[in-house]
Structures are given as structure tokens and as C-alpha cells.
Amino acid sequence: MRIAILGLYHESNTFAEHATSWSDFTDYDWFEGDALRTAMADSNNEIGGMLAVLDEASADVEAVPVLYAAALPAGRITEDAEERLWRTASDALAEAGPIDGVLAAPHGAAVGQAHPDFDGWWLGRLRELLGPAVPIVATLDPHANVSSAMVDAADALLAYRTNPHVDQRAVGREAAELLLGQLRGVVDLDCARVSLPMVLNIERQLTDDPPCRDWVEKGRSLAAEDGVLATSLILGYPYADVAEMGLSVLVVTDRRVSSTLARQVAKDWADHIWCDRERARPELVAMDTAARAVADASDLPVGLLDIGDNIGGGSYGDQTALAHASIRCGALPLFVALSDAEACKACVGVGIGGGVDLHVGGRHEPELCGPPLPVCGQVENLTDGRWTDPAPRHGGRVNYDEGPLAIVRTPEGLVVQLSERPIFPASLGQMKHAGLDPRSFRAIIIKGVHAPVAAYRDVVSQLIRVNSPGPTAADITKWNYQNRRRPMFPFEAEATFP
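Residues numbered from 1 in each chain as written. Predicted model: local features only at pLDDT ≥ 70, side-chain atom pairs only at ≥ 80, totals over all residues. Heavy atoms only, no water.

**Some details on the sheet that holds strand β2 (residues 29-32)**
The condition that has to hold: Two strands qualify as a pair provided that DSSP identifies no fewer than 2 bridges between them. Secondary structure elements are taken from DSSP: a helix is a run of H or I of four residues or more, a strand is a run of E of two residues or more, and numbering for both begins at the N terminus. Axis angles are defined between N-to-C directions and span 0 to 180 degrees, where every axis is a line fitted to C-alpha atoms and, for a helix, only to the segment in contact.
With mixed pairing, the six strands of this open sheet are ordered in space as β2-β3-β1-β4-β5-β6. Edge positions in the sheet fall to β2 and β6 (156-159), since each has one partner strand and no second. Pairs of neighbouring strands in the sheet enclose a mean axial angle of 20°, with direction left out of account. Here strand β1 (residues 2-9) pairs with strand β4 (residues 101-104) via four bridges, running parallel. Across the sheet, isoleucine 5 pairs through a bridge with leucine 103, a residue of β4.

**Considerations on the packing of helix α4 (residues 79-96) against helix α5 (residues 118-130)**
Worth spelling out the cut-off: Each angle receives one of four descriptions, namely roughly parallel if under 35 degrees, roughly antiparallel if over 145, roughly perpendicular if within 65 to 115, and oblique otherwise. Each helix crossing is assigned a hand: it is left-handed if the near helix lies turned anticlockwise from the far helix by less than a right angle, otherwise right-handed if that turn is clockwise. Here, residues are in contact when the closest pair of their heavy atoms is within 4.5 Å. Under the scheme applied, nonpolar residues are Ala, Val, Leu, Ile, Met, Phe, Trp, Tyr, Cys and Pro; charged residues are Asp, Glu, Lys and Arg; polar residues are all the others, including Gly.
The geometry of α4 relative to α5 is characterised by a closest axis approach of 11 Å and an angle of 30° between their N-to-C directions. It follows that α4 is roughly parallel to α5 by the angle criterion. Handedness of the crossing formed by α4 with α5: right-handed. Residues Glu82, Glu83, Leu85, Trp86, Ser90 and Leu93 of α4 lie in contact with α5, whose contacting residues are Phe118, Trp121, Trp122, Arg125, Leu126 and Leu129. Residues of the contact of α4 with α5, tallied by class, amount to eight nonpolar, one polar and three charged.

**A look at the packing of aromatic side chains**
For clarity, the cut-off: By convention, a stacked pair of Phe, Tyr or Trp rings (six-membered ring in the case of Trp) has centres within 6.5 Å and planes under 30 degrees apart, an edge-to-face pair has planes over 60 apart, and any other such pair is tilted. To sort residues, take the accessible area from a 1.4 Å probe on protein chains only and compare it with the maximum for the residue type: under 20% means buried, over 50% means exposed, and anything in between is partly exposed. By the criterion adopted, a ring carries a charge over it if an Arg CZ or a Lys NZ lies within 6 Å of its centre and within 35 degrees of its normal.
Going through the model one piece at a time under the given rule, you end up with 12 aromatic pairs. Both rings, one in phenylalanine 118 and one in tryptophan 121, keep their centres 5.7 Å apart while their planes meet at 35°; by these two values the pair is tilted. Residue phenylalanine 118 and its partner tryptophan 121 are both found in helix α5; the two are separated by three residues, about one turn of the helix. Take phenylalanine 118: its relative accessible area is 1%, and that puts it in the buried class. The cationic tip of arginine 277 hangs over the ring face of tryptophan 274; the distance from NZ or CZ to the ring centre is 4.1 Å. Directly above the ring of phenylalanine 491 sits arginine 484, whose terminal nitrogen or CZ lies 4.1 Å from the centroid.

**Considering the side chain of aspartate 241**
Rule in force here: The positive count covers Lys and Arg only, the negative count covers Asp and Glu only, and His and the chain ends enter neither. By definition, a salt bridge exists where a carboxyl oxygen of Asp or Glu is found within 4 Å of a side-chain nitrogen of Lys or Arg. In protein, a polar contact requires one atom able to donate a hydrogen and another able to accept it; more generally it is a pair of N or O atoms within 3.5 Å, and residues adjacent in sequence count only if both atoms are side-chain atoms.
Relative to the assigned elements, aspartate 241 resides in the loop between β8 (228-234) and β9 (248-254). Despite its burial, aspartate 241 pairs with no opposite charge, the nearest such side chain being arginine 76 at 5.8 Å. A distance of 3.0 Å separates a polar atom in the side chain of aspartate 241 from the backbone nitrogen of asparagine 483. Among the polar contacts listed, one links the side chain of aspartate 241 to the backbone nitrogen of arginine 484, at a separation of 3.3 Å. Those residues in contact with aspartate 241 that lie beyond four places of it in its chain are Thr14, Phe15, Asn480, Tyr481, Gln482, Asn483 and Arg484.

Encoded structure:
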């Protein structure tokens, strides 16, 4: 049995100004054929798990790595990139020869300029290409906005169950085992989705805390029922203004036990969540409130999660509003990482030990998200942005290559890390590889919400999720949605389910 592995992976923020181009994929994670195995076999993501199961299987099973293409979260995928991604994938599949099954890795919240349900579109094209007899099992990020097209295209869909996503490799293994079970006639896969008329605020999406912790546990208890093979809580992605936006549940069952089991279990689980929906209302902490709490704190350091500039959600990584508020309140020494290619190059130009007088960051929406930050100090270090972190981290990456980085320290105690592109803060290696001790700061501004928790919770006394401005701001009631369903909780009081 020849099993193809194919991933086209993007989380698209439709409120972000910067579109996602073809080069954003080819310059970030682009692996074809054997290069996919080399890059990901030892990773902690789903591809690594898929490869491990197939390699451990009997001699009649062959993994066929086809293509994995991913870009940093940003705005909609351009029409040119959509077409070229699918053309490359379909050509690579044709060159791979006969295929008995496919393990697919979409994100679930990809939005194209031509195809708003990009993942449903390319999975549908994949189904058309393969025909109805070749099984497809796909993994999803729980920040997916799952569509009927995705469910119709695949024999089974399952998502990571943790946020931060530290179980990606395990879910990849699970997907591969389900596919092999289908091919060997051990199971007959059935998959059902129930979509609730509600949006789960990003601030509430930590799976270690209620309500998500309890909803995931409910799914685990349902998975113990005879015939239930997998349950996935889909948290949804509120920054993609599409018709499918919102929370949903996925249940995979063995159709041989019951042809209606998947739908019934999914409906029961969704009913349970709907009755508990009031616990999903977010806690929105203002920037000045958070900054004053840091200034008064005795147990240090404090992590400030800059929700509005969440790089993992499609923001720019250059917003300064929270840094300005922290400095005003005396929350120093302070660390902040900012994406500013021009300033980074200026630091490289003067070298380690050189003095700089710069205004950094604040390139996007400065009136709302903060003007450039004045930085007058010394270049303390320059690095190539490479480090290794073997621990399971959000995103599953082990080897990091973020490009040139500069560390600038001011006499007042502000430390700024400057990069040519946004750095997704999933690993403490971002600071440690540059010689910085995270525990030496009063506050660390972290450009994320839940993804950084897996790394940073070991070094901070507390994490404060801050309602800062930007294209990933926590107060979603202020976004101008054009395509979402109506009514939906918490936007409209008249929302009902079912």
C-alpha cells in the first residue's frame, strides 16, 4: 500500500492587510518529495507522526512524501498562490504514481481570494483527482473553521486536542492508524460535524483551563463509547470572516457499529457545549491595567501576552502599543521582540558593541497600534536566528531558522530583539540562543495568546492576556464581519441551537 502525504497549510486572517503570496510559502516551509521526510520525520508535528506510523507498519506499506507547503499566518492567500499551490500538489501526486490512500494536512482556516474555503476547495479537488475509492484522512488545527466541503472530501477529519498544540505528532500517528485501518478493512470510517452558532473568543481557547478543558474531557469520555474512534473539539478561528466561522465538533466512528453513531455523538456533545456557553465569555484586560500590575508585581518576571499583535494569528509582529504602556508604568527591565527589517540591518551595520539611536516597529496602523518605539542604546548581540528546541512546542518545530536577529539594550532597561520577519514565539530559544536570561526581566512582552504558553509558563510567575489593539485584538465584537452566520452567540442574544 502506497500512502501519500500532502499538506497545504495556512491560517488566514481576513482582517490583516498583508496578503499571503506564493513566495510566502516557498520562503517559509516548502518541502517536496524526500525533502519532506528529511525535514519532518523527527519533528513534533503531524507529518512526523504520520511518517513514524507508516515506517513502523508492515513491509507492504510505503510512505510517499509528496509536498508540504506552509506560510506564516497573514492575510488572504492570493489567487495566483492558490492556483500554483494546487497545480504543484496535483503534478507531484501524478509523478508519485499509483496511490492507495492519502494523509492530508490542511490547517482548516485557510482563506483564498478566489476560494474563501480554500481547504475545502483543495480537498475537494483532491477527492476529484483520486476518485471515491481512495481513502483520505486529514488532520486539522483546532483553530479551523470546518466546512461541509472538508467533511465531504475526507473519510475522516481529526484535530489536535491541545492548545498550545503539543500533541500534533500524536494526532498525526492517530490519523495514519485510522487510514491503515480503513485500507485493511478493520474499520469503515464515518465522520460527522456539528457546527454551533457561536464564536469562542481567542482569550478563552486555552485547553488547560475551563471551559475548553471540560469540553475536551467530555469529548474524551464520548470516545470511550463502542464504535467511536476519535473526537475533536474545533475551537474555530474568529479572525477569518467566512460563513463557516465558529465552534464545531467532529466525531469519527466505525460505520459498521452504526450508520448514525457519528452524527448522534456529535449532536450530544454539541448540546452539552451549548448549554455551557456562558462560560465562554472572555476576560478582557486593558493595556494600562496589565502594565500597572507588572509594575507592582513582586514575583517576577510577568509575561504579557500581546493578543492584538498575535503573530500566530496573522498579525505583523511590529506593534508597540503594549510596550509604550509598559514603559509609561515603569515595567522595566522589559523585553520585546519587534519585526523591523530596516532597524535590524542598521544594527548589523554598526556591529556588536555599536551604539544606535532608532525608532523601531510601529509600521502598521501606528495611530491605533502604537507609533515607532524610540530605542537609544547599544547593540548587545547579533545572531543568525538558529537554534534547536526538541521539546514539544506549539507548531511541532524542532529546528528554528528565523534569519538575522539583533539585540539592543538601553540604559533604562529596555531590551529589544529586532528581526527581518515576525518570529512566532513558540520557543524560549528565541531569547536564550541570544544570551538572554528570561528571568532577568520584570516583564516579557510575548506576541501571542496561548501558543507561547508551553514554553513561557516555566519561566514567568504569571501570564496576563492583554486586550491590545491590532488585527488579532481580543474584543471581536468590534470587528466588521460581512460573511459570518447570524444570529451567533455572543453577538446576538437570539442565537439558538439546534
